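Each chain, written out:
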Amino acid sequence: MTRPYSGEQGDEFFKFSVFLVLNNRILSVCAASIILMATRGNVAPVAPLYKYAAVSVSNVLATTCQYEALKYVSFPVQTLGKCAKMIPVMIWGYFINSRRYDGADISVAAFITLGCTIFALYGDVSSKASKSGANTSTYGVGLMLGYLGFDGFTSTFQDKLFKGYQMETYNQMIWVNTCSAAVSFLWLFSDSSIGQAFDFVGRHPKVMYDIMILSTASMLGQLCILYTIREFGALLFATIMTTRQFLSILLSCIIFMHPLTLQQWGGTCMVFGALYYNAFIKAGRKAAKKSDAVKLDGTEDEESDNLIAKPER
């Protein structure tokens, strides 16, 4: 999306974000189908199709916003923005699953918002591949906000489906991605960009190799994401992505020369510090609850032993 492909007509940029989504989803459907057939899992839909479709539509919109944003904002900006995923997950969790969050969660969300705001205000956030203009960065930030909103709904509603229907990871993967592939194809067909995308691939065959690498990585990532959401919930998934995002920013600064200002590094440290603090607090609470449960069991066992050992009069 940000690197040109050279050919007879000069350098060209690949502009078809939905075409990338279509390829990602087709490969994911194939992988999930193979796994379900090999394990003899349940291929038939467990939930109503419109619920799979709701997840797929929000997922397609989120992925498209993510790819499109790279045209207007730099990769570190997009990566740090993804760390704010915790905020829309909390909002959607309140409305969809009627969840309540304590003061620590709200404080962490506030620090993340402040850190991302500092990052955006101090330093250039636009992509090198974007056209010059005052509105490009604003448009890119708007796309990132769209990504966060749609992606937060996707993971929260996936969590609801897993808990409400006790479905397998691969069952949700195959049906959500089937709906997503259909939505992507209709999108490409409606604006006549599917033919342009194939023409681009014909002029630059190397792009298909890059698309397959991206699709494979996306498919493997989906497997990990779905398993994490199913076993641990959407909020924990949003938290454990922290280390990957931080390493992505560091590698982007080194490999693609995306220098950050001192204030941007301060905002970055604020975001990751808040997330790590949140993870540390939650781990401490779980350990305390486990310890209290063990003590309670020990007390009950001791009382039971005393009753058994007490002689009758």
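The residue count restarts for each chain, going from 1 along the sequence in the order it is written. Local features in a predicted model are, by the rule used here, given only for residues with pLDDT of at least 70; side-chain atom pairs are given and counted only at 80 or more, and totals for whole chains, interfaces and linings are based on all residues. With hydrogens and water excluded, all non-hydrogen atoms of the structure serve as input to the side-chain values.

**Some remarks on the overall build of the chain**
- Put simply, DSSP marks the helices as runs of H or I at least four residues long and the strands as runs of E at least two long, and each gets a number from the N terminus on. Helices and strands together make up the secondary structure of the chain, namely 12 helices and two strands.
- Going from the N terminus to the C terminus, the chain shows its helices and strands as β-β-α-α-α-α-α-α-α-α-α-α-α-α.
- When each of the 313 residues of the chain is scored for burial, the buried share is 44%.
- When contacts within the chain are restricted to residue pairs at least 6 apart in sequence, those whose partners lie at least 24 apart make up 84%. Think of it in three bands: residues with accessible area under 20% of the maximum for their type are buried, residues over 50% are exposed, and the middle band is partly exposed, with areas taken using a 1.4 Å probe on protein chains only. The contact rule is simple, with two residues in contact once any of their heavy atoms fall within 4.5 Å.

**Section: the packing of helix 1 (residues 17-39) against helix 7 (residues 169-190)**
- Convention adopted: a line fitted to C-alpha atoms gives each axis, helices being fitted over their contacting stretch, and angles between N-to-C directions are expressed from 0 to 180 degrees. Relative orientation of the contacting elements helix 1 and helix 7 amounts to 150 degrees, with a least axis distance of 8 Å. As the angle between them shows, helix 1 and helix 7 are arranged roughly antiparallel. The element helix 1 and its partner helix 7 pack so that their crossing is left-handed. Where helix 1 abuts helix 7, its residues Val 18, Phe 19, Val 21, Leu 22, Arg 25, Ile 26, Ser 28, Val 29, Ala 32, Ser 33, Ile 35 and Leu 36 lie against Tyr 170, Asn 171, Met 173, Ile 174, Asn 177, Thr 178, Ser 180, Ala 181, Ser 184, Phe 185, Trp 187 and Leu 188.
- Under the convention adopted here, Pro, Cys and the residues Ala, Val, Leu, Ile, Met, Phe, Trp and Tyr are nonpolar, Asp, Glu, Lys and Arg are charged, and Gly plus all remaining residues are polar. Split by residue class, the contact of helix 1 with helix 7 holds 16 nonpolar, seven polar and one charged. The labels follow the angle: roughly parallel below 35 degrees, roughly antiparallel above 145, roughly perpendicular from 65 to 115, and oblique for the rest. Each helix crossing is assigned a hand: it is left-handed if the near helix lies turned anticlockwise from the far helix by less than a right angle, otherwise right-handed if that turn is clockwise.

**Some remarks on the environment of Pro 45**
- You can see Pro 45 is positioned in the loop between helix 1 and helix 2 (49-69).
- A residue is classified by how much of its surface remains accessible, and Pro 45, at 35% relative accessible area, is partly exposed.
- Spatially, the C-alpha atom of Pro 45 lies 8.0 Å from that of Gln 172, the residues being 127 residues apart in sequence.
- Sequence-distant contacts of Pro 45, that is, excluding residues within four places in its chain, are made with Tyr 52, Asn 171 and Trp 175.

**Let's talk about the packing of helix 1 against helix 2**
- At their nearest, the axes of helix 1 and helix 2 sit 9 Å apart, and the two run at 130 degrees to each other. By the angle between their axes, helix 1 is oblique relative to helix 2. Where helix 1 crosses over helix 2, the two elements pack in a sense that is right-handed. Residues Ser 17, Val 18, Leu 20, Val 21, Asn 24 and Arg 25 of helix 1 touch helix 2, and the partners they reach there are Asn 59, Val 60, Thr 63, Thr 64, Tyr 67 and Glu 68.

**A closer look at unusual backbone geometry**
- The phi dihedral of Ser 98 is positive, around 55 degrees, even though this residue is not glycine.
- If you trace the backbone, Ser 98 turns up in the loop between helix 4 (86-97) and helix 5 (103-121).
- Under the relative-accessibility criterion, Ser 98 is labelled exposed at 52%.
- Look at Ser 192: it is not a glycine, yet its phi comes out positive at around 60 degrees.
- Considering the arrangement of structural elements, one finds Ser 192 in the loop between helix 7 and helix 8 (193-203).

**What about the pattern of salt bridges?**
- Think of a salt bridge as a Lys or Arg side-chain nitrogen and an Asp or Glu carboxyl oxygen that are within 4 Å of each other. By the definition in use, this model includes four salt bridges.
- Taking the shortest distance from any N to any O, the salt bridge between Asp 210 and Lys 206 comes out at 3.5 Å. Here Asp 210 and its partner Lys 206 are both found in helix 9 (residues 206-232), four residues apart, which amounts to about one turn of the helix.
- By relative accessible area, which is 51% here, Lys 206 ends up exposed.
- What emerges from the salt-bridge pattern is a single network uniting Arg 99, Asp 159 and Lys 163.

**Considerations on the side chain of Gln 66**
- Structurally, the position occupied by Gln 66 is in helix 2.
- With sequence-adjacent residues up to four places away left out, Gln 66 is seen in contact with Gln 78, Lys 82 and Tyr 147.

**Notes on a nonpolar patch on the surface**
- A cluster of nonpolar side chains, Ile 91, Trp 92, Tyr 94 and Phe 95, forms an exposed patch at the surface whose accessible area comes to about 430 Å².
- Its location among the elements puts Trp 92 in helix 4.
- Judged by relative accessible area, Trp 92 falls into the partly exposed class, the value being 31%. Grouping into patches uses exposed residues only, defined as over 30% relative accessible area, and leaves out salt-bridged ones; the cut-off is 9 Å for like charges and 5 Å for nonpolar side chains (Val, Leu, Ile, Met, Phe, Trp, Tyr). Throughout, the Shrake-Rupley method with a 1.4 Å probe supplies accessible areas, and for residues the shown protein chains are the sole cover considered.

**A short note on the nonpolar core**
- By nonpolar core we mean a set of buried residues, namely Ala, Val, Leu, Ile, Met, Phe, Trp, Tyr and Cys, connected to one another through side-chain atoms within 4.5 Å. Membership of the largest hydrophobic core comes to 25 residues, with the highest contact counts inside it found for Met 86, Val 108, Ile 112, Tyr 147 and Leu 275.
- Counting residues per element, the ones that place at least two in this core are helix 2, helix 4, helix 5, helix 6 (135-165), helix 11 (242-255) and helix 12 (262-309).
- Discounting chain neighbours no more than four positions away, the residues touching Tyr 147 are Ala 62, Cys 65, Gln 66, Lys 82 and Lys 85.
- Among the nonpolar cores identified, the runner-up in size contains 21 residues, and Val 29, Ala 31, Phe 153 and Phe 162 belong to it.

**Focus on helix 8**
- When we look at burial in helix 8, the residues that qualify are Ser 193, Ile 194, Ala 197, Phe 200 and Val 201. Along the axis of helix 8, the buried residues cluster in a sector spanning 120 degrees; they form a single face.
- For helix 8, the elements touching its buried residues are strand 1 (5-7), strand 2 (10-12), helix 1, helix 7 and helix 9. Comment: arc refers to directions from the helix axis out to C-beta atoms.

**Some remarks on helix 9**
- Along its 27 residues, helix 9 runs 39 Å from first to last C-alpha, staying within 8% of the 39 Å computed at 1.5 Å per residue.
- Within helix 9, burial applies to Val 207, Ile 211, Ser 215, Ser 218, Met 219, Gln 222, Leu 223, Leu 226, Thr 228 and Ile 229.
- In the segment just after helix 9, Gly 233 is the residue with positive phi, at about 100 degrees. A helix is expected to reach a length of 1.5 Å times the quantity of its residues less one.

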